[in-house]
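A structural walkthrough
Each chain, letter by letter, is given below.
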Amino acid sequence: SYFNLAELIRAVFDQMEGKAESQGIALRLPADFPEQLWVWADKQRIQQVITNLTSNAIKYSNDSPEGGGWVEAQVREEGDRIRVLIKDNGRGIPAEHLNRIFERFYRVEKSRAKVSGGTGLGLAIVKHILEAHKSQIDVQSEVGKGSVFSFRLKKRKDKRSRSQQTELAE
Ligand code: ATP
Ligand code: MG
(Lines give C-alpha, C1' and ligand atoms only; values in the text may rest on other atoms or scores of the structure.)
(Ligands and ions follow the chains in the order given, each with its own letter.)
Protein backbone atom coordinates (compact mmCIF):
# COMPACT_ATOMS: atom_id res chain seq x y z
CA SER A 1 0.00 0.00 0.00
CA TYR A 2 0.98 3.67 -0.05
CA PHE A 3 2.62 5.02 3.05
CA ASN A 4 4.70 7.97 4.18
CA LEU A 5 8.28 6.70 4.13
CA ALA A 6 9.65 9.83 5.79
CA GLU A 7 7.32 9.30 8.74
CA LEU A 8 8.29 5.61 8.96
CA ILE A 9 12.00 6.44 9.08
CA ARG A 10 11.37 9.01 11.82
CA ALA A 11 9.35 6.45 13.78
CA VAL A 12 12.10 3.81 13.57
CA PHE A 13 14.70 6.36 14.67
CA ASP A 14 12.50 7.42 17.60
CA GLN A 15 12.10 3.77 18.57
CA MET A 16 15.86 3.11 18.51
CA GLU A 17 16.97 6.41 19.99
CA GLY A 18 17.36 4.97 23.51
CA LYS A 19 19.50 2.07 22.41
CA ALA A 20 21.69 4.30 20.27
CA GLU A 21 22.09 6.85 23.03
CA SER A 22 23.13 4.20 25.54
CA GLN A 23 25.99 3.35 23.17
CA GLY A 24 26.89 6.97 22.59
CA ILE A 25 25.63 6.92 19.01
CA ALA A 26 23.66 9.83 17.58
CA LEU A 27 20.80 9.07 15.21
CA ARG A 28 20.62 11.90 12.71
CA LEU A 29 18.45 13.19 9.90
CA PRO A 30 19.66 15.88 7.51
CA ALA A 31 18.15 19.35 8.08
CA ASP A 32 16.26 19.10 4.79
CA PHE A 33 14.83 15.64 5.50
CA PRO A 34 11.24 15.72 4.17
CA GLU A 35 8.04 15.46 6.20
CA GLN A 36 6.27 13.49 3.50
CA LEU A 37 7.51 10.97 1.00
CA TRP A 38 4.90 8.64 -0.37
CA VAL A 39 5.96 5.24 -1.65
CA TRP A 40 4.29 2.05 -2.77
CA ALA A 41 5.53 -0.90 -0.69
CA ASP A 42 4.75 -3.24 2.19
CA LYS A 43 5.02 -0.88 5.15
CA GLN A 44 5.61 -3.53 7.86
CA ARG A 45 8.35 -5.20 5.86
CA ILE A 46 10.07 -1.94 4.95
CA GLN A 47 9.95 -1.03 8.63
CA GLN A 48 11.84 -4.25 9.30
CA VAL A 49 14.42 -3.40 6.61
CA ILE A 50 15.06 0.04 8.10
CA THR A 51 15.12 -1.40 11.62
CA ASN A 52 17.63 -4.12 10.71
CA LEU A 53 19.93 -1.70 8.88
CA THR A 54 19.76 0.88 11.67
CA SER A 55 20.32 -1.79 14.31
CA ASN A 56 23.46 -2.95 12.49
CA ALA A 57 24.69 0.62 12.04
CA ILE A 58 24.38 1.12 15.80
CA LYS A 59 25.80 -2.29 16.73
CA TYR A 60 28.85 -2.14 14.46
CA SER A 61 29.46 1.48 15.14
CA ASN A 62 32.42 3.51 16.08
CA ASP A 63 33.01 2.32 19.64
CA SER A 64 36.10 4.40 20.20
CA PRO A 65 36.27 5.93 23.67
CA GLU A 66 36.25 9.42 22.15
CA GLY A 67 32.73 8.76 20.97
CA GLY A 68 31.43 10.70 18.00
CA GLY A 69 29.58 7.78 16.48
CA TRP A 70 26.56 8.56 14.31
CA VAL A 71 24.01 6.95 12.07
CA GLU A 72 22.27 9.04 9.44
CA ALA A 73 19.26 8.31 7.22
CA GLN A 74 19.04 10.08 3.89
CA VAL A 75 16.56 9.95 1.03
CA ARG A 76 17.13 10.82 -2.63
CA GLU A 77 14.84 11.05 -5.62
CA GLU A 78 15.96 8.87 -8.52
CA GLY A 79 13.37 9.28 -11.26
CA ASP A 80 10.30 7.30 -10.27
CA ARG A 81 12.15 5.80 -7.28
CA ILE A 82 13.23 6.98 -3.87
CA ARG A 83 16.59 5.83 -2.62
CA VAL A 84 16.94 5.34 1.13
CA LEU A 85 20.45 5.43 2.58
CA ILE A 86 21.50 4.36 6.06
CA LYS A 87 25.01 5.64 6.73
CA ASP A 88 27.29 5.11 9.68
CA ASN A 89 30.82 6.11 10.62
CA GLY A 90 31.48 2.76 12.23
CA ARG A 91 34.11 0.10 11.79
CA GLY A 92 33.29 -0.69 8.16
CA ILE A 93 33.41 -4.06 6.40
CA PRO A 94 36.52 -5.53 4.75
CA ALA A 95 36.08 -5.80 0.97
CA GLU A 96 36.54 -9.57 0.95
CA HIS A 97 33.43 -9.96 3.14
CA LEU A 98 31.18 -7.53 1.28
CA ASN A 99 29.49 -10.00 -1.02
CA ARG A 100 28.92 -12.55 1.73
CA ILE A 101 27.27 -10.49 4.48
CA PHE A 102 23.84 -11.05 2.92
CA GLU A 103 24.12 -14.82 3.33
CA ARG A 104 22.25 -16.37 6.20
CA PHE A 105 24.34 -16.78 9.37
CA TYR A 106 27.33 -14.99 7.85
CA ARG A 107 29.11 -12.68 10.26
CA VAL A 108 32.39 -10.85 9.69
CA GLU A 109 33.81 -11.28 13.14
CA LYS A 110 32.92 -14.74 14.41
CA SER A 111 34.88 -14.28 17.59
CA ARG A 112 32.73 -11.30 18.42
CA ALA A 113 29.57 -13.30 17.89
CA LYS A 114 28.97 -14.02 21.53
CA VAL A 115 29.90 -10.53 22.64
CA SER A 116 27.92 -8.42 20.20
CA GLY A 117 25.08 -10.89 19.81
CA GLY A 118 23.18 -11.63 16.64
CA THR A 119 22.69 -14.65 14.46
CA GLY A 120 23.69 -13.27 11.08
CA LEU A 121 20.14 -13.24 9.73
CA GLY A 122 19.38 -9.50 9.67
CA LEU A 123 20.82 -8.74 6.24
CA ALA A 124 19.54 -11.99 4.71
CA ILE A 125 16.03 -10.91 5.73
CA VAL A 126 16.65 -7.41 4.33
CA LYS A 127 17.77 -8.85 1.01
CA HIS A 128 14.79 -11.20 0.86
CA ILE A 129 12.25 -8.44 1.58
CA LEU A 130 13.77 -6.12 -1.01
CA GLU A 131 13.81 -8.90 -3.62
CA ALA A 132 10.08 -9.31 -3.02
CA HIS A 133 9.83 -5.59 -3.86
CA LYS A 134 11.90 -6.09 -7.04
CA SER A 135 14.54 -4.00 -5.35
CA GLN A 136 18.03 -4.74 -4.15
CA ILE A 137 20.30 -3.80 -1.30
CA ASP A 138 23.52 -1.95 -2.09
CA VAL A 139 26.47 -1.50 0.21
CA GLN A 140 29.58 0.64 0.17
CA SER A 141 32.01 0.36 2.99
CA GLU A 142 35.48 1.33 4.04
CA VAL A 143 37.25 -0.24 7.00
CA GLY A 144 37.67 2.25 9.80
CA LYS A 145 35.50 4.86 8.07
CA GLY A 146 32.00 3.45 7.88
CA SER A 147 29.31 1.93 5.72
CA VAL A 148 26.40 2.99 3.54
CA PHE A 149 23.53 0.58 2.92
CA SER A 150 20.90 1.72 0.43
CA PHE A 151 17.87 0.54 -1.51
CA ARG A 152 15.15 1.98 -3.72
CA LEU A 153 11.36 2.01 -3.52
CA LYS A 154 8.73 3.00 -6.02
CA LYS A 155 7.42 6.54 -5.64
CA ARG A 156 3.76 7.35 -5.57
CA LYS A 157 2.92 7.83 -9.24
CA ASP A 158 0.89 10.87 -10.07
CA LYS A 159 -0.08 13.06 -7.18
CA ARG A 160 2.14 15.41 -5.31
CA SER A 161 1.92 15.18 -1.58
CA ARG A 162 -0.44 17.59 0.08
CA SER A 163 2.37 19.71 1.56
CA GLN A 164 4.03 20.12 -1.84
CA GLN A 165 0.72 21.21 -3.33
CA THR A 166 0.32 23.73 -0.55
CA GLU A 167 3.85 25.00 -1.11
CA LEU A 168 3.12 25.48 -4.81
CA ALA A 169 -0.11 27.29 -4.04
CA GLU A 170 1.65 29.69 -1.72
P1 ATP B 1 21.37 -10.36 13.46
O2 ATP B 1 21.08 -9.23 12.50
O3 ATP B 1 20.74 -11.64 13.05
O4 ATP B 1 21.12 -9.97 14.87
P5 ATP B 1 24.06 -9.84 12.61
O6 ATP B 1 23.87 -8.38 12.83
O7 ATP B 1 25.39 -10.43 12.93
O8 ATP B 1 22.95 -10.66 13.40
P9 ATP B 1 23.50 -9.29 9.83
O10 ATP B 1 22.63 -8.13 10.19
O11 ATP B 1 23.02 -10.19 8.73
O12 ATP B 1 23.77 -10.22 11.07
O13 ATP B 1 24.92 -8.73 9.43
C14 ATP B 1 25.93 -9.65 9.00
C15 ATP B 1 27.31 -9.15 9.35
O16 ATP B 1 27.63 -8.02 8.55
C17 ATP B 1 27.45 -8.66 10.78
O18 ATP B 1 27.74 -9.71 11.66
C19 ATP B 1 28.60 -7.67 10.67
O20 ATP B 1 29.82 -8.37 10.70
C21 ATP B 1 28.42 -7.10 9.28
N22 ATP B 1 27.73 -5.80 9.26
C23 ATP B 1 26.42 -5.57 9.01
N24 ATP B 1 26.11 -4.27 9.06
C25 ATP B 1 27.27 -3.63 9.35
C26 ATP B 1 27.64 -2.23 9.53
N27 ATP B 1 26.73 -1.25 9.41
N28 ATP B 1 28.93 -1.97 9.83
C29 ATP B 1 29.85 -2.96 9.94
N30 ATP B 1 29.58 -4.27 9.78
C31 ATP B 1 28.31 -4.60 9.48
MG1 MG C 1 22.05 -7.49 12.16
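Everything in this summary refers to the structure shown in the same document. (Residues numbered from 1 in each chain as written. Chains lettered and ligands numbered in written order. Predicted model: local features only at pLDDT ≥ 70, side-chain atom pairs only at ≥ 80, totals over all residues.)

1. A short note on the overall build of the chain
Across its full length, the chain holds five helices and seven strands. Looking at the chain as a whole, 28% of its 170 residues are labelled buried. Within the chain, residue pairs in contact and separated by at least 24 positions form 69% of the contacts whose partners lie at least 6 positions apart. (Helix = DSSP H or I, 4+ residues; strand = E, 2+ residues; numbered from the N terminus. Buried ≥ 20, exposed ≤ 12 C-beta atoms within 10 Å, placed from the backbone. Contact = placed C-beta atoms within 7 Å.)

2. Observations concerning the environment of His97
Of note, His97 is situated in the loop between strand S5 (81-88) and helix H3 (113-116). Judged by the 14 C-beta atoms lying within 10 Å of it, His97 falls in the partly exposed class. The spacing of His97 and Ala20 is 77 residues in sequence and 25 Å in space, taken between C-alpha atoms.

3. Points about unusual backbone geometry
Of note in this structure, Phe105 is not a glycine but carries a positive phi near 70 degrees. Here Phe105 lies in the loop between S5 and H3. Of note in this structure, Lys134 is not a glycine but carries a positive phi near 55 degrees. The exposure class of Lys134 is exposed, given the 8 C-beta atoms found within 10 Å.

4. Considerations on the site of ligand 1
For ligand 1, the set of nearby residues contains 22 residues, the closest of which are Tyr60, Val108, Gly118, Gly122 and Leu123. Among the elements of the structure, helix H2 (43-59) and helix H4 (122-132) are those that each provide at least two residues to the shell around ligand 1. Each residue belonging to the shell around ligand 1 can be placed in one class, and the counts come to nine nonpolar, nine polar and four charged. (Near = placed C-beta within 6 Å. Nonpolar A, V, L, I, M, F, W, Y, C, P; charged D, E, K, R; others polar.)

5. Focus on the packing of H2 against H4
Interhelical geometry of H2 versus H4 gives an angle of 150 degrees and a closest axis separation of 9 Å. Crossing hand, H2 versus H4: left-handed. Contact with H2, carried on its side by Arg45, Gln48, Val49, Asn52, Leu53, Ser55 and Asn56, involves Gly122, Leu123, Ile125, Val126, Ile129 and Leu130 of H4 and no other residues of that element. The residue inventory of the contact of H2 with H4, partitioned by class, reads seven nonpolar, five polar and one charged. (Axes fitted to C-alpha atoms, helices over the stretch in contact; angles between N-to-C directions. Left-handed = near helix turned anticlockwise from the far one by under 90°.)

6. A word on the environment of Leu123
Relative to the helices and strands, Leu123 resides in helix H4. By C-beta crowding, Leu123 is classed as buried, having 22 other C-beta atoms within 10 Å. Ignoring any residue separated from it by four or fewer positions in sequence, one finds Leu123 in contact with Asn52, Ile101 and Phe102.

7. Description of H2
Between its first and last C-alpha, H2 extends 24 Å over 17 residues, near the 24 Å set by a 1.5 Å rise per residue. Taken together, the buried positions of H2 are Ile46, Val49, Ile50, Leu53, Thr54, Asn56, Ala57 and Ile58. (Expected span 1.5 Å × (residues − 1).)

8. A short note on the pairing of strand S7 (residues 146-155)
Sheet analysis places strand S3 (residues 38-40) next to S7, joined by two bridges and oriented antiparallel. Its bridge partner being in S7, Val39 is matched across the sheet by Lys155. Taken together, the eight bridges between S5 and S7 define a ladder with antiparallel strand orientation. Residue pairing across strands places Lys87 opposite Val148, the latter belonging to S7. Bridge count between strand S6 (residues 138-142) and S7: five bridges; the pairing is antiparallel. Each bridged residue has a counterpart across the sheet, and for Gln140 the counterpart in S7 is Val148. Connecting the antiparallel pair S6 and S7 is a turn made up of three residues, with Gly144 showing a positive phi of about 80 degrees. (Pairing = 2+ DSSP bridges.)

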